[in-house]
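Residue-level structural notes
The residues making up each chain are set out below.
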Amino acid sequence: MPPYTRGKLRDKLTYVLVTNNAYFIFKTKDLSTFPGISESDITAIGHKTAEAVASDTTKIRIVGASAPQPPRVTKRLSNAAVGTQQSVSTFCGYVSLSSAQTAGWKITKSRRSVLLRAASALSGSQTAIAALSDGSLYCFPMNKADFDAYGATLQLKSAATEQSATEVSKLVSGSSIPRPGRATTKIASGSSFSSFYSTEALGDLGAAGFSVLSEELVMTVAPAAS
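What you are looking at is a predicted structure, and each value in this text was computed from that prediction instead of being measured. (Residues numbered from 1 in each chain as written. Predicted model: local features only at pLDDT ≥ 70, side-chain atom pairs only at ≥ 80, totals over all residues. Heavy atoms only, no water.)

**Regarding the overall build of the protein chain**
In terms of regular secondary structure, the protein chain is built from five helices and 13 strands. When burial is assessed residue by residue, the protein chain has 41% of its 226 residues classed as buried. Restricting the contact set of the protein chain to residue pairs at least 6 apart, pairs at least 24 apart contribute 65%. For the protein chain, the accessible surface area stands at approximately 12000 Å², while carbon and sulfur atoms represent 52% of it. (Helix = DSSP H or I, 4+ residues; strand = E, 2+ residues; numbered from the N terminus. Buried < 20%, exposed > 50% of the residue type's maximum accessible area, 1.4 Å probe, protein only. Contact = heavy atoms within 4.5 Å. Areas by Shrake-Rupley, 256 points an atom, 1.4 Å probe, with all protein chains shown as cover.)

Shown next as structure tokens:
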């Protein structure tokens, strides 16, 4: 570990817009402690605090997702001495790229979007989509035969279903939050089948022969007091 990284904890909870309908949440170092990084530099890349977005209750909160992920930007630290950190790299709000470049940040990685896969005869798998109570649409791989057999009961959507622009902006995969609940059922061979399910299916799963293993995990935000 380089000496200049010691004692600098990633403990600043930060929100950036990753789509029109979602915030990507992550922990970063306090960028304002680096020489040459001002509060205006941080504002330019769209970093927001939890307090700043508390009233924005309609947007999904995403933590630890493989996709979507915001773009990344890097800025060289002016007058950095030899042996000290020469640059800072972090996530940037996807709508803040222009202001980031104006402030001297360089775009180093573009935004990563969720990839939807239609059913494939070759692989036998497809993307299934579970709808959660916060409006998010959680995407995960599922065997086509399983989708055909259980998709309706679990209220899952197929990637082949046409997605509106709003729905696309709510897609997420591989996240710790939001995350759908899981359910399991015994099958004829004596083994079991388990899967994520859409939250609206929860009340009907027992009657369909499923046992609930877990319920959804979402980050809900209470409306600001009027």
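Having seen the model, we can carry on.
**Concerning the sheet that holds strand β7 (residues 125–131)**
If you trace the four strands from one edge of the open sheet to the other, you get β9-β7-β8-β10, paired in mixed fashion. Each edge of the open sheet carries a strand with a single partner, namely β9 (157–158) and β10 (171–172). Inspection of the sheet shows strand β8 (residues 137–143) paired to β10 by two bridges, in the parallel sense. Directly across from Tyr-138, in β10, lies its bridge partner Val-172. (Pairing = 2+ DSSP bridges.)

**Some points on the pattern of salt bridges**
Note that side chains of opposite charge can pair when their charged atoms are close. For the structure shown, the criterion picks out four salt bridges. The closest approach of N and O atoms between Asp-41 and Lys-75, which form a salt bridge, is 2.8 Å. Residue Asp-41 is found in helix α1 (residues 39–44), and its partner Lys-75 is found in strand β4 (residues 72–76); the two are separated by 34 residues along the sequence. The pair formed by Asp-41 and Lys-75 is uniform in burial state, with each residue classed as buried. (Salt bridge = Lys/Arg side-chain N within 4 Å of Asp/Glu carboxyl O.)

**Here we look at the nonpolar core**
Formed by 28 residues in total, the largest nonpolar core has its most connected members in Phe-24, Ile-62, Phe-140, Met-142, Leu-154 and Leu-156. Those elements giving two or more residues to this core turn out to be β1 (12–19), β2 (22–28), β3 (60–63), β7, β8, α4 (144–150) and β12 (192–197). The contacts of Ile-62, once residues within four sequence positions are left out, are Val-18, Ala-22, Tyr-23, Phe-24, Ile-25, Pro-68, Val-172, Ser-175, Ile-177 and Pro-178. Phe-34, Ile-45, Leu-77 and Cys-92 belong to the second largest nonpolar core, which has 11 residues in total. (Core = buried A, V, L, I, M, F, W, Y, C linked by side-chain atoms within 4.5 Å.)

**Remarks on unusual backbone geometry**
When glycine is set aside, most residues are seen to have a negative phi, and most peptide bonds are trans. With omega at 0 degrees, the peptide bond leading from Ala-67 into Pro-68 counts as cis. Of note, Pro-68 is situated in the loop between β3 and β4. Phi is positive for Gln-155, close to 55 degrees, though the residue is something other than glycine. Secondary-structure assignment places Gln-155 in the loop between α4 and β9. Overall, the relative accessible area of 33% leaves Gln-155 in the partly exposed class.

**Quick look at the environment of Gln-86**
Looking at where Gln-86 falls in the secondary structure, it is placed in the loop between β4 and β5 (87–91). In sequence terms Gln-86 and Lys-75 are 11 residues apart; their C-alpha atoms lie 8.7 Å from each other.

**Considerations on the sheet that holds strand β13 (residues 211–214)**
Reading across from one edge, β12-β11-β13 is the order of the three strands in this open sheet, with antiparallel pairing throughout. The sheet is open, and its two edges are formed by β12 and β13, each paired on a single side. When the angles between neighbouring strand axes are averaged without regard to direction, this sheet yields 30 degrees. Pairing geometry for strand β11 (residues 181–186) and β13, over three bridges, is antiparallel. Residue pairing across strands places Arg-182 opposite Ser-214, the latter belonging to β13. (Axes fitted to C-alpha atoms, helices over the stretch in contact; angles between N-to-C directions.)

**What about the environment of Ala-201?**
Along the chain, Ala-201 falls in the loop between β12 and β13. With relative accessibility at 0%, the residue Ala-201 sits in the buried group. Taking C-alpha positions, Ala-201 is 9.0 Å from Leu-156, a pair spaced 45 residues apart along the chain. Filtering out sequence-adjacent residues up to four positions away, Ala-201 remains in contact with Thr-153, Leu-154 and Gln-155.

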